[in-house]
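Each chain, letter by letter, is given below.
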Amino acid sequence: MGKTISNTRIIAFTNQSGGAGKTTSAVTIAAWLAKYGLKVLFVGLDAQCDGSASLGWDQPDEVPGQATIHNVLTDPGVKLSDAIVPAYAGPSDDPKSKQIEGLDLVLESAELENAEQLLTTMMGRELWLRDALATVADDYDVILLDCPGNLGLVVVNALVAAREVIVCVKPGWKELRALTRIEQTIARVQNTFAANGANPELVGVLMVDTPTSRQSGAVYDDAKTEAEAAYQEKFLPTIRRSTKVPEAYSHQKALPFFDRSAEVTTEYAAVVKALGFRRQN
Ligand SMILES: Nc1ncnc2c1ncn2[C@@H]1O[C@H](COP(=O)(O)OP(=O)(O)OP(=O)(O)O)[C@@H](O)[C@H]1O
Ligand SMILES: [Mg+2]
């Protein structure tokens, strides 16, 4: 018997500003979960297509005969399942790249740039992603949503669809102050769309790109201490600054497939554990 949608953990990675480590975190956690034996779907929602590139699909719009999430959005005849492809460690068109067992992704598209306008005129515009995910959720244990770095209708769609929200934040006072705004947005989505079954909950604050002690300054340490006190058990294990992150990206490999034992990679494994996931294999 298939699982109901309520058994599938749907987690959105968000932050209303750019470059906060959302994509790196969502991709790395997706890869760890697949390694742990879970069935995972990664859904990138950003015209930059960084998530797709990191999982082997550098030019998602150029794959002959293959639908992307943009086609799903614009053509009622295209189903979300049509835009799902397997993830790879390395470029998908390189025969040396291995398929990542247990990890699929919905292909992104550079044309997602128009998504806000397209959604604006759509009936049920905030519920589009929720309804699309419902058609495939039974096939997955976990669905991870990688949001763009703004607050538009795409992000509202992700918050309506998600049960859990992880906010990625770089260490700093400006960044921490912005967390309050995100919490307000989550609360507003909860209130406005409760009747539609929306119930997103902030489950984690993930501080990414934290300077190691050698690079550190007191201001970073203070910001971390403050966030830890404010968010307590929701404050997830921090992720250090590491050159492994851009290196892995340039090889189109998720960190656990690029350097499994690097400190930054194992720190992400600690996050996976803190989120309550356990190895299935
Ligand atoms: N732990 C880290 N160490 C070093 N660099 C990092 C780390 N995490 C992220 N970065 C770098 O910071 C930049 C932004 O990261 P990422 O793309 O994950 O953020 P994002 O929030 O998805 O950004 P956007 O809003 O543009 O989608 C990237 O160049 C990435 O390589
Ligand atoms: Mg991103």
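Right above here is the structure, for reference.
Residues numbered from 1 in each chain as written. Chains lettered and ligands numbered in written order. Predicted model: local features only at pLDDT ≥ 70, side-chain atom pairs only at ≥ 80, totals over all residues. Heavy atoms only, no water.

(A) Layout of the site of ligand 1. Every one of the 18 residues lining ligand 1 counts as a neighbour, but Ala20, Lys22, Thr23, Thr24 and Arg240 are closest to it. Glycine 21 is positioned such that a nitrogen or oxygen atom in its backbone is 2.9 Å from an oxygen atom of ligand 1. Within the backbone of arginine 240, an N or O atom sits 2.8 Å from a nitrogen atom of ligand 1. Expressed as a share of its isolated accessible area of 630 Å², the protein-covered part of ligand 1 is 80%. Given that more than half its atoms are within 2 Å of the pocket grid, ligand 1 belongs to the largest pocket. At three residues, the largest contribution of residues to the shell around ligand 1 is made by helix H1 (residues 22–35). Among the residues making up the shell around ligand 1, the classes are represented as four nonpolar, eight polar and six charged. (Near = heavy atom within 4 Å. Polar contact = N/O pair within 3.5 Å; in protein donor to acceptor, adjacent residues only side chain to side chain. Areas by Shrake-Rupley, 256 points an atom, 1.4 Å probe, with all protein chains shown as cover. 1 Å grid on protein atoms, 1.4 Å probe; cavity = no way out; pocket = protein on both sides within 12 Å on 5 of 7 lines; lining within 4 Å. Sits in = over half its atoms within 2 Å of the grid points. Helix = DSSP H or I, 4+ residues; strand = E, 2+ residues; numbered from the N terminus. Nonpolar A, V, L, I, M, F, W, Y, C, P; charged D, E, K, R; others polar.)

(B) Main features of helix H11 (residues 263–274). Relative to the 16 Å expected for twelve residues at 1.5 Å per residue, H11 spans 17 Å between its end C-alpha atoms, a close match to the ideal helical length. If you check which residues of H11 are buried, you get Val264, Thr265, Glu267, Tyr268, Ala269, Val271 and Val272. Residues of H11 that are buried in the fold lie against H1, strand E7 (201–207), helix H9 (244–250) and helix H10 (255–258). Just downstream of H11, glycine 276 is the residue with a positive phi angle, here 90°. (Expected span 1.5 Å × (residues − 1). Buried < 20%, exposed > 50% of the residue type's maximum accessible area, 1.4 Å probe, protein only. Contact = heavy atoms within 4.5 Å.)

(C) Seen up close, the pairing of strand E5 (residues 142–146). Counting buried residues along E5, five of its five residues qualify, which places the element largely inside the surrounding structure. Side-chain alternation along E5 places Val142, Leu144 and Asp146 on one buried face and Ile143 and Leu145 on a second face that is also buried. As defined by bridge partners, strand E1 (residues 9–14) adjoins E5 across five bridges and the pair is classed as parallel. Looking at E5, one finds that phenylalanine 13 is bridged to aspartate 146. Here five bridges tie strand E2 (residues 40–44) to E5, and the two strands are oriented parallel to one another. The residue of E5 that forms the bridge with phenylalanine 42 is leucine 144. (Pairing = 2+ DSSP bridges.)

(D) The arrangement of unusual backbone geometry in detail. Positive phi values are uncommon outside glycine, yet cysteine 49 reaches one of about 60°. Inspection of the secondary structure puts cysteine 49 in the loop between E2 and helix H2 (50–54). At glutamine 252, a position not held by glycine, the phi torsion is positive, near 55°. On the secondary structure map, glutamine 252 appears in the loop between H9 and H10.

(E) Region of the structure containing the nonpolar core. Core analysis: the biggest nonpolar cluster contains 54 residues, and Val43, Leu133, Ile143 and Leu145 have the highest contact counts within it. Residue contributions to this core peak at eight residues, all from helix H6 (residues 153–161). When sequence neighbours within four positions are dropped, the list of residues in contact with leucine 133 reads Ile10, Val43, Leu80, Ile143, Leu145 and Ala161. Ala20, Trp57, Leu103 and Tyr268 belong to the second largest nonpolar core, which has 44 residues in total. (Core = buried A, V, L, I, M, F, W, Y, C linked by side-chain atoms within 4.5 Å.)

(F) Looking closely at the packing of aromatic side chains. The tally for this structure, following the rule as stated, stands at two aromatic pairs. Between tryptophan 57 and tyrosine 88, the aromatic rings sit 6.0 Å apart at their centres with planes inclined by 65°, giving edge-to-face as the arrangement. Linking tryptophan 57 in the loop between H2 and helix H3 (69–74) with tyrosine 88 in strand E3 (residues 84–89), this pair joins segments that are 31 residues apart in sequence. As far as burial versus exposure is concerned, tryptophan 57 and tyrosine 88 are alike and both buried. The aromatic ring of phenylalanine 277 is capped on one face by arginine 9, whose charged end is 4.0 Å from the ring centroid. Lysine 35 extends its terminal NZ or CZ atom over the ring of phenylalanine 257, reaching a point 4.4 Å from the ring centre. (Phe/Tyr/Trp six-rings, centres within 6.5 Å; stacked < 30°, edge-to-face > 60°. Lys NZ or Arg CZ within 6 Å of the ring centre and 35° of its normal.)

(G) Expanded view of the layout of surface pockets. Put simply, the largest pocket is a space of about 490 Å³. The wall of the largest pocket is formed by 30 residues, among which Gly21, Lys22, Thr23, Thr24 and Val245 lie closest to the centre. Of all the elements in the fold, those that place two or more residues in the lining of the largest pocket are H1, H2 and H9. Looking at which element gives the most residues to the lining of the largest pocket, the answer is H1, with five residues. Considered class by class, the residues forming the lining of the largest pocket number twelve nonpolar, ten polar and eight charged. Put simply, the second largest pocket is a space of about 220 Å³. As for the second largest pocket, its lining consists of 13 residues, and the residues nearest its centre are Asn15, Ser17, Lys174, Glu175 and Ala178. Per-element tally for the lining of the second largest pocket: the top contributor is helix H7 (residues 173–193), with five residues. Split by residue class, the lining of the second largest pocket holds three nonpolar, five polar and five charged. (Points joined across faces, edges and corners; volume = space filled by probe spheres on them.)

Coordinates in, geometry out; function isn't part of it.
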